[in-house]
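Observations on the model geometry
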Amino acid sequence: MSLLAIKLIVTPLVVLLASLAARRWGDAVAGWLVGLPLTSAPVSVFLAIEQGPSFAAQAADGSMAGVLSQAAFCLGYAALARRGVTVALAAGTLAYAASAAALLAAALPSAALFAAAMAALTFVLWLLPRRRVMISANVVAWWDLPLRMAVTTALVVGLTSAAATLGPGASGVAASFPLIGASIAAFAHLSQGAEAGVAVLRGMASALYAFAAFFVIAGLALPRVSLLAAFALATAGGLIAQGATLLMTRRPLKMEDAAEGGPAASSLHRG
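Residues numbered from 1 in each chain as written. Predicted model: local features only at pLDDT ≥ 70, side-chain atom pairs only at ≥ 80, totals over all residues. Heavy atoms only, no water.

1. Concerning the overall build of the protein
A tally of regular secondary structure across the protein gives 12 helices and 0 strands. Split into buried and exposed, the 271 residues of the protein put 47% on the buried side. Taking contacts inside the protein between residues at least 6 apart in sequence as the whole, the part at least 24 apart equals 79%. For the protein, the accessible area works out to roughly 12,500 Å², and carbon and sulfur atoms hold 71% of it. (Helix = DSSP H or I, 4+ residues; strand = E, 2+ residues; numbered from the N terminus. Buried < 20%, exposed > 50% of the residue type's maximum accessible area, 1.4 Å probe, protein only. Contact = heavy atoms within 4.5 Å. Areas by Shrake-Rupley, 256 points an atom, 1.4 Å probe, with all protein chains shown as cover.)

Here's what the structure looks like:
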């Protein structure tokens, strides 16, 4: 089987299984899955196979810059959310592009990118208001899942094909654009208002700690160990980070529910 065939089969399958698991088992599983780099991790794997571990390690730094740029996306979207979905998405995309261009030009070392990413995510979580958003199945259009699968597969195939031209840094940054997070935020925004869209992006930001952990470990491990070991370590690190942030973000909500005497705390444990 050719590598292209593997991309066309494995990538949409990963997106399909992750999305169905989130719908089946509810908010907790969805929180874990959003934090995993479901688009950029397959790109990283295929870059390592096709371009070599060194190229993929440099692309991991680009993905770290992508974490900072995703934080910029959240802030840009939130700043203009009251003006409508289209304006908010445009503002977030421009903020992402400007941040990515500046970071690629700066060529910061891995440690600096990781530290800056942690600081940026913490700032976003402090700035954006906390609100629980329950998105029903009716909010998501029937074509959402097929579209996610198609767009993600096209992104993986396109970026890995153009990697030699783009270079490792730009490949990592492009793979990190929050396609899935932005689409979910837009659906919530349209159905429940601007605050709901911003709340979705706040949740995405809390999950990006795991994203950053995955790529800082991958960048360090790829030049030193086998591809299987490097990505196994990166996945384990991402899961540990996501478990920690999941506990941290759920605890304040439980405390709020207990203080209000409401039943919402039990809804966090569905499935």
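There's more to say after this.
2. Focus on empty space enclosed by the protein
Counted according to the given criterion, the structure contains 1 cavity of 30 Å³ or more. Considering the residues around the largest cavity, the lining is formed by Ser40, Val43, Ser44, Leu47, Ala59, Ala60, Ser63, Ser171, Gly172, Ala175 and Phe215. Of all elements in the fold, only helix H3 (40-51), helix H4 (53-79) and helix H8 (168-175) reach the threshold of two or more residues within the lining of the largest cavity. A total of 4 residues in the lining of the largest cavity trace back to one element, the largest contributor, which is H3. A per-class count over the lining of the largest cavity returns 6 nonpolar, 5 polar and no charged. (1 Å grid on protein atoms, 1.4 Å probe; cavity = no way out; pocket = protein on both sides within 12 Å on 5 of 7 lines; lining within 4 Å. Points joined across faces, edges and corners; volume = space filled by probe spheres on them. Nonpolar A, V, L, I, M, F, W, Y, C, P; charged D, E, K, R; others polar.)

3. Observations regarding the side chain of arginine 202
Mapping arginine 202 onto the fold places it in helix H10 (residues 194-221). The exposure class of arginine 202 is buried, given its relative accessible area of 13%. Each residue touching arginine 202, except ones within four places of it in the same chain, is listed here: Leu125, Leu128, Pro129 and Arg130.

4. Focus on a nonpolar patch on the surface
Together, Leu8, Ile9, Val10 and Val14 give the surface a local cluster of nonpolar side chains, amounting to about 300 Å² of exposed area. Summarising the element assignment, isoleucine 9 is placed in helix H1 (residues 3-25). (Patch = residues over 30% accessible without salt bridge, like charges linked within 9 Å, V, L, I, M, F, W, Y side chains within 5 Å. Salt bridge = Lys/Arg side-chain N within 4 Å of Asp/Glu carboxyl O.)

5. Brief notes about the confidence of the model for the protein
With 77% of its residues at a pLDDT of at least 70, the protein reaches an overall mean of 80. The weakest mean pLDDT in the protein belongs to helix H12 (residues 264-267) at 37; the strongest belongs to helix H5 (residues 85-106) at 95. Low confidence marks residues 262-271, where pLDDT is under 50. Its contacts with residues over four positions away, or in another chain, come to 16 contacts. (pLDDT = per-residue confidence, 0-100.)

6. Some thoughts on the nonpolar core
Membership of the largest hydrophobic core comes to 61 residues, with the highest contact counts inside it found for Leu47, Val67, Cys74, Tyr77, Leu121, Leu201 and Leu222. Considering every element that reaches this core, the biggest residue donor is H10, with 16 residues. Beyond its immediate stretch of four places on either side in the chain, leucine 222 contacts Ala48, Pro53, Ala56, Ala57, Leu227, Ala230 and Phe231. (Core = buried A, V, L, I, M, F, W, Y, C linked by side-chain atoms within 4.5 Å.)

7. Here's the deal with unusual backbone geometry
A positive phi angle is found at alanine 107, which is not glycine, with a value near 50°. Within the element layout of this structure, alanine 107 appears in the loop between H5 and helix H6 (110-127). Under the relative-accessibility criterion, alanine 107 is labelled exposed at 60%.

8. Side note on the packing of H4 against H8
Contact pair H4 / H8: the axes reach a minimum separation of 7 Å and the direction vectors enclose 45°. Between H4 and H8, the angle falls in the class oblique. Both H4 and H8 take part in a crossing whose hand is right-handed. Across from Phe55, Gln58, Ala59, Gly62, Ser63, Ala65 and Gly66 in H4, the residues of H8 making contact are Pro168, Gly169, Ser171, Gly172 and Val173. Of the residues assigned to the contact of H4 with H8, the class counts are 5 nonpolar, 7 polar and no charged. (Axes fitted to C-alpha atoms, helices over the stretch in contact; angles between N-to-C directions. Parallel < 35°, antiparallel > 145°, perpendicular 65-115°, else oblique. Left-handed = near helix turned anticlockwise from the far one by under 90°.)

9. Some thoughts on H5
For H5, with 22 residues, the first-to-last C-alpha span of 31 Å sits near the 32 Å given by 1.5 Å per residue. Of the surrounding elements, those touching the buried residues of H5 are H4, H6, H8 and helix H9 (179-192). Of the residues one or two after H5, alanine 107 is the one with positive phi, at around 50°. (Expected span 1.5 Å × (residues − 1).)

10. Observations concerning H10
Turn by turn, an α-helix covers 3.6 residues, leaving residues three or four places apart pointing in a common direction. With 28 residues, H10 should cover 40 Å at 1.5 Å per step; its first-to-last C-alpha distance of 41 Å lies within 8% of that length. Where H10 bends most, at alanine 207, the angle is about 35°. The element H10 is largely enclosed, with a buried count of 24 among its 28 residues. (Bend = angle between axes of the 7 residues up to and from the residue.)

11. Here's the deal with the environment of phenylalanine 114
With respect to the helices and strands, phenylalanine 114 occurs in helix H6. The exposure class assigned to phenylalanine 114 is partly exposed, which follows from its relative accessible area of 27%. In this structure the C-alpha to C-alpha distance between phenylalanine 114 and alanine 65, which are 49 residues apart in sequence, comes to 8.4 Å.

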